[in-house]
Structures are given as structure tokens and as C-alpha cells.
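In case you want the letters, here they are:
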Amino acid sequence: VSDEIDAVLSNLEIDNVRSVLLQFSDLEGKSKNVAIPTKQMKKALTDGISFDGSSIQGFARLEESDMLLRPDPSTYQIIPWSDEKFRAARFICDVYTTHGEPFAGDPRCILRTQIEKAAKLGYTFNVGPEMEFFLFRLIDGHASVNLQDHSGYFDQTPTDPGEDVRRDLVISLSEMGFNIEASHHEVAPSQHEIDFTYGDALGMADKVVTFKFAAKTLALRRGLHATFMPKPIFGINGSGMHVNCSLMKDGKNAFFDPNGDHQLSDTARHFIAGLLKHIDGITRIANPTVNSYKRLIPGYEAPVYVGWSALNRSALIRVPSSRGKSTRAELRSPDPTCNPYLTFAVMLAAGMDGVINKIEPPENIDKNIFRMTPAERAAEGIRCLPWNLQEANNALMQDELLCSVLGEHVVAQINRIGELEWADYSRAITDWEIKRYLPNY
Ligand code: ADP
Ligand code: MG
Ligand code: MG
Ligand code: MG
Ligand code: MG
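Residues numbered from 1 in each chain as written. Chains lettered and ligands numbered in written order. Predicted model: local features only at pLDDT ≥ 70, side-chain atom pairs only at ≥ 80, totals over all residues. Heavy atoms only, no water.

1. Examining the packing of aromatic side chains
Using the criterion set out here, one finds 14 aromatic pairs in the structure. On the basis of an interplanar angle of 65 degrees and a centroid distance of 5.5 Å, the ring pair of Trp-81 and Phe-213 is categorised as edge-to-face. Placement of the pair is Trp-81 in the loop between β5 (77-78) and β6 (87-97) and Phe-213 in helix α5 (residues 201-221), with a sequence separation of 132 residues. Ring pairs connect the aromatic residues Phe-133, Phe-178, Phe-196, Phe-211 and Phe-228, which therefore count as one cluster. Its end group placed over the ring of Tyr-300, Lys-231 keeps NZ or CZ at 3.7 Å from the ring centre. (Phe/Tyr/Trp six-rings, centres within 6.5 Å; stacked < 30°, edge-to-face > 60°. Helix = DSSP H or I, 4+ residues; strand = E, 2+ residues; numbered from the N terminus. Lys NZ or Arg CZ within 6 Å of the ring centre and 35° of its normal.)

In C-alpha cells, the structure reads:
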């Protein structure tokens, strides 16, 4: 251990790092950080850095609010956009209690527990998230929904500040260890997507958090606001975070079987079945805001109905056509407001429930579900995803497996946050109501 600490300290010196950001996530997936001067790093690595957990959303446990941040040495990255003369670096931290135990409310710890469980059965969980976001104009320094461009899917607009942000992001993220596969303009005006190569779920959750931090910072530097809000504008596509996933065993993709139906293995089918079985509860975690549900409506490439398909893109779970190493299931409902640690944790647990108990998935739906009539859908037993945050919250509370994955503390906090958010929203007087009722009543 002390060798590892020495290696970190010497890297900090070689890289001339002057300040270090210690990052972690609250339950809502918001990135938190405390900055320390480099000379405090030795203490941080040996004893941890203490902080008051009671002020962090979802951490509140007043009787023992002091907590410790322990930087994970493997997450060391120089922040590429920091000033060369005042180099900053970051570490992602695990949260511990002052008794030296992992804190039960730390999302990273919850994911790690599920990863270790799957590892005992020989499986590694690989995920590839597709990050969509909007770049809007800042008006007098404030975020707005004013469009930056009016381009569409794959459009090229060489003189656009939005394109510049995307290029800055690709360069900076590459320097931070991302293997960027593609970046392109998305369907909606001012909407973009950046894809990076899949990897183990813990590393990828760290990357999602890093991605959002980088996007927000680099957009701001060019006078734009990067937002991961799922549906900022009515009538145009919202932003999703499709999660491509697969299991690896003995160095091979365990979802691939050249002789299986659709060349899918039993493991793949069972994993998909587990995801479908627990999807209502997963939705509370993967779609955690009131606004999330305004994206999950027909007509905008977002999923609405519960089912899987090897052919059509409208399905909740799509099995893309590539096989071999790239055999994967794409869960298309999550949006980028989700906490990636918790989302990957519940996805893994749900999928493993299917694998362990050999659950069979329903018949795959190779028709366009959106074009079916409600009667046709009903005849095939196709249900809808939860309609709103309250429904999804209730579904999670009834899902024993997912509740046990999250643990009592987190379930109570998520329930509290969900109910408060729903109550607050329900009391708001919206523009829709004013337009609808004011002239007529
Ligand atoms: P789409 O066709 O849905 O737009 P993209 O090309 O944007 O797909 O993204 C595909 C994602 O799937 C990438 O992040 C890629 O690394 C990831 N991926 C590829 N193979 C696997 C795999 N075996 N397991 C998990 N993710 C994978
Ligand atoms: Mg994509
Ligand atoms: Mg793509
Ligand atoms: Mg996309
Ligand atoms: Mg996709």
C-alpha cells in the first residue's frame, strides 16, 4: 500500500500538480468535490479527508455526520483544462464512516458490491453509455433554452461554437483516458452525442461523472451551457443515456453464442429477462427526475413500451446487429440525469437475477410497437414503462431485490426525495395550465 502511495505522490510531483480535487457523487448523481493543496495528499491517502456528510443530498444521518473521503489512486487524472502554472488533478473517492467502514450510502460502494457478487460467479459487467446533451446559449450568464444551432443528425457546421465545444471535449476526454469512438450532432437542434468505448461498470460510471463535469466546464468557456436535462424543449427529441451492456466470462463475451437464436447465448436471454422483470424499479433510478418522464413518450425515439427486439430501434431493449465481441443489449430508457453508479448497480443485479434463476424473456417484438394499436399491444402483453416519477418510485419500493441492492438507508432517502419532488411538482402552476384554463374558466 505504501508503495502505491509513494507512486501517487511522485506522479503529483512529476506532473507539477498544485491542487487536487477530491470528487464523489451524492445520491442524485451530482458530482461533489473538495479541493486540497497537493501537500495534503499524503494525509488524504493514509488517513482520508473528513467532511460533514449531513449536508450532502441523501447522505444525511445526523447522529454520525462526519465522514471520510478516501481517494482511489487508480482514478488519478490531470485536469487538462487547468492552467499549466497551476496544474489541477482529480481523484474519485470512496466514502467511509469514521469507523473505517465503507459508507452504505456511497453510490460507488453500492455498485462495487454488485460487481464483486457477479465476479464470484466469474462475470465482469461491461457497459457502454451513449451521452446525449444540449448546448444552449447563456443569456447574461444564465442558462437558457435558446438554441445555439439549428442543425440535425450528423450535420456539420464548421463555424459553430457548439462544434468547438465538442472538439474541445473530445481532446480533453482523450487526455483523461477516454477512448472516444465517435462524436456527432444529434437529431435535435443544439443536441450532441459523444460515444466512448465500453469498459467495466465502475470505471465507466466514473467516466460518466467526469464527462458531465468536462462538458459543463468546457461549454462555459465558450459561453454556452451544457445540459443533461432529459427533455428541455417540448416537441423535439430529448437526451438519453442508452446503456449498452454485456457480461464477460473467461475473457469472452458471454452474450455471444454462434449457435443460439439470433446468435445470443442463454446468458444473454436470461440477462435481458431479468432487466425486463425489474424495469419498473430500475426506472426510478435510471429516470430520477419529473422531467425524465416527458422524454419517455411516443414519437421521439425514446422507449415507452416494455419489450426487447433484435430488429427495431423503438424497443426498450435493443440487441444491435453486431456479434462476436460486440454482442450486447442496449437499454434505451436511462437518461443522463441518472446516478450512473446506482443505475449500473440495479441493472447488473436485475440482469443477474435473470441469469441465476434462468428466467426466460418474453417473445421478442420485431414489429414497430408504436404502430401497433393499443388492442394489439394488449394482446401481446406489452406494458408501458412507469408514466411518472411517483409511479416509478412506488414500483421501486415494491421491488425487494432492488431495495436490497440499494440498502435500507438509500431506499429511505430515495423514497423521501422522490415523494418530496413529486409533491412539489404537483403543486406548481405550470404554463400548460395557464394556457389551458385561464382563457376558458
Ligand atoms: P447506437 O447505434 O445505439 O447509436 P453507438 O455506436 O452510439 O450505438 O454506441 C455503442 C456503444 O456500445 C459504444 O459505447 C460501444 O463501446 C458499446 N459497446 C460495444 N460493444 C459492447 C459490449 N460488448 N458491451 C458493452 N458495450 C459495448
Ligand atoms: Mg449512439
Ligand atoms: Mg453512434
Ligand atoms: Mg443518440
Ligand atoms: Mg443507442
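2. Brief notes about the packing of helix α7 (residues 279-286) against helix α9 (residues 340-356)
Direction vectors running N to C along α7 and α9 enclose 170 degrees, while the axes themselves pass 9 Å from each other. On the basis of the axis angle, α7 is roughly antiparallel to α9. Seen along the crossing, α7 lies across α9 with a hand that is left-handed. Of the residues in α9, those touching α7 at Ile-282, Ile-285 and Ala-286 are Leu-342, Thr-343, Val-346, Met-347 and Ala-350. Here the residues of the contact of α7 with α9 sort into seven nonpolar, one polar and no charged. (Axes fitted to C-alpha atoms, helices over the stretch in contact; angles between N-to-C directions. Parallel < 35°, antiparallel > 145°, perpendicular 65-115°, else oblique. Left-handed = near helix turned anticlockwise from the far one by under 90°. Contact = heavy atoms within 4.5 Å. Nonpolar A, V, L, I, M, F, W, Y, C, P; charged D, E, K, R; others polar.)

3. What to know about the pattern of salt bridges
Tallied over the entire structure, the rule returns 16 salt bridges. With a closest N to O distance of 3.4 Å, Arg-166 and Glu-163 form a salt bridge. Taken together, the residues Arg-166 and Glu-163, both in helix α4 (residues 161-175) and three residues apart, mark about one turn of the helix. Residues Arg-166 and Glu-163 agree in their burial class; the two are buried. (Salt bridge = Lys/Arg side-chain N within 4 Å of Asp/Glu carboxyl O. Buried < 20%, exposed > 50% of the residue type's maximum accessible area, 1.4 Å probe, protein only.)

4. A word on the site of ligand 1
Around ligand 1 there are 20 residues in total, and Glu-181, Asp-195, Phe-196, Ser-246 and Glu-330 lie nearest to it. Glu-193 is positioned such that a nitrogen or oxygen atom in its side chain is 3.2 Å from an oxygen atom of ligand 1. Coverage of ligand 1 by the protein chains reaches 86% of its 590 Å² of free accessible surface. When contributions to the shell around ligand 1 are tallied by element, the ones reaching two or more residues are β7 (123-139), β10 (191-196) and β13 (241-249). Grouping the constituent residues of the shell around ligand 1 by class yields three nonpolar, eight polar and nine charged. (Near = heavy atom within 4 Å. Polar contact = N/O pair within 3.5 Å; in protein donor to acceptor, adjacent residues only side chain to side chain. Areas by Shrake-Rupley, 256 points an atom, 1.4 Å probe, with all protein chains shown as cover.)

5. Overview of the packing of helix α11 (residues 389-398) against helix α12 (residues 400-427)
The N-to-C vectors of α11 and α12 enclose an angle of 155 degrees; their axes lie 9 Å apart at closest approach. When the axis of α11 is compared with that of α12, the two are roughly antiparallel. Here α11 and α12 pass one another in a crossing that is left-handed. Residue-level inspection shows Leu-389, Gln-390, Asn-393, Leu-396, Met-397 and Gln-398 of α11 in contact with α12, the latter providing Glu-400, Leu-402, Cys-403, Leu-406, Val-411, Ile-414, Asn-415, Gly-418, Glu-419, Glu-421 and Trp-422. Among the residues forming the contact of α11 with α12, the class breakdown is nine nonpolar, five polar and three charged.

6. A word on the environment of Gln-40
Along the chain, the position of Gln-40 falls in the loop between β2 (31-37) and α2 (41-46). The exposure class assigned to Gln-40 is partly exposed, which follows from its relative accessible area of 31%.

7. Here we look at the coordination of the magnesium ion (ligand 4)
Note on the magnesium ion (ligand 4): its protein donors are Glu-132 (OE), Glu-186 (OE) and Glu-193 (OE). The metal-donor distances range over 2.0 to 2.3 Å. A spacing of 3.8 Å is found between the magnesium ion (ligand 4) and the magnesium ion (ligand 2), which share Glu-193 as a donor. Taken together, the residues span a long stretch of sequence, with Glu-132 in strand β7 and Glu-193 in strand β10 at a distance of 61 residues. By the burial criterion, Glu-132 is buried, and Glu-193 matches it. (Donors = N, O, S within 2.8 Å, 3.2 Å for Na, K, Ca; no water.)

8. Structural notes on α4
Note on helix geometry: an α-helix contains 3.6 residues per turn, so any two residues three or four positions apart are oriented the same way. Helix length check: α4, at 15 residues, gives a terminal C-alpha distance of 21 Å against a target of 21 Å (1.5 Å per residue), a fit within 8%. Among the residues of α4, those classed as buried are Gly-162, Glu-163, Asp-164, Val-165, Arg-166, Asp-168, Leu-169, Ser-172 and Leu-173. Elements in contact with the buried residues of α4: β7, β9 (180-185), β10, α5 and β12 (224-227). Gly-177, located one to two residues past α4, shows a positive phi value of around 90 degrees. (Expected span 1.5 Å × (residues − 1).)

9. Comments concerning the pairing of β7
Summarising burial for β7: 13 of the 17 residues are buried, a large majority. Of the pairings in the sheet, the one linking β7 to β13 comprises nine bridges and is antiparallel in character. For Pro-129, the partnering residue across the bridge sits in β13 and is Val-243. Here β7 pairs with strand β11 (residues 199-200) via two bridges, running antiparallel. Counted as the bridge partner of Val-127 is Gly-199 from β11. Here β7 runs beside β10; their pairing, made up of five bridges, is antiparallel. (Pairing = 2+ DSSP bridges.)

10. A short note on the confidence of the model for the chain
When pLDDT is averaged across the chain, the result is 92; 98% of the residues are at 70 or more. Here the complex is predicted with pTM 0.95, and the ipTM for its interfaces comes to 0.97. (pLDDT = per-residue confidence, 0-100.)

11. A short note on unusual backbone geometry
Phi angles above zero are rare outside glycine, and His-262 is one such case at about 55 degrees. Of note, the phi angle at Gln-263 is positive, near 55 degrees, even though the residue is not glycine. Take Gln-263: it is sitting in the loop between β14 (252-253) and α6 (266-277).

12. With respect to a nonpolar patch on the surface
Among the surface-exposed residues, Tyr-153, Phe-154 and Val-187 lie close enough to one another that they form a single nonpolar patch of about 300 Å² accessible area. Here Tyr-153 lies in the loop between β8 (142-147) and α4. (Patch = residues over 30% accessible without salt bridge, like charges linked within 9 Å, V, L, I, M, F, W, Y side chains within 5 Å.)

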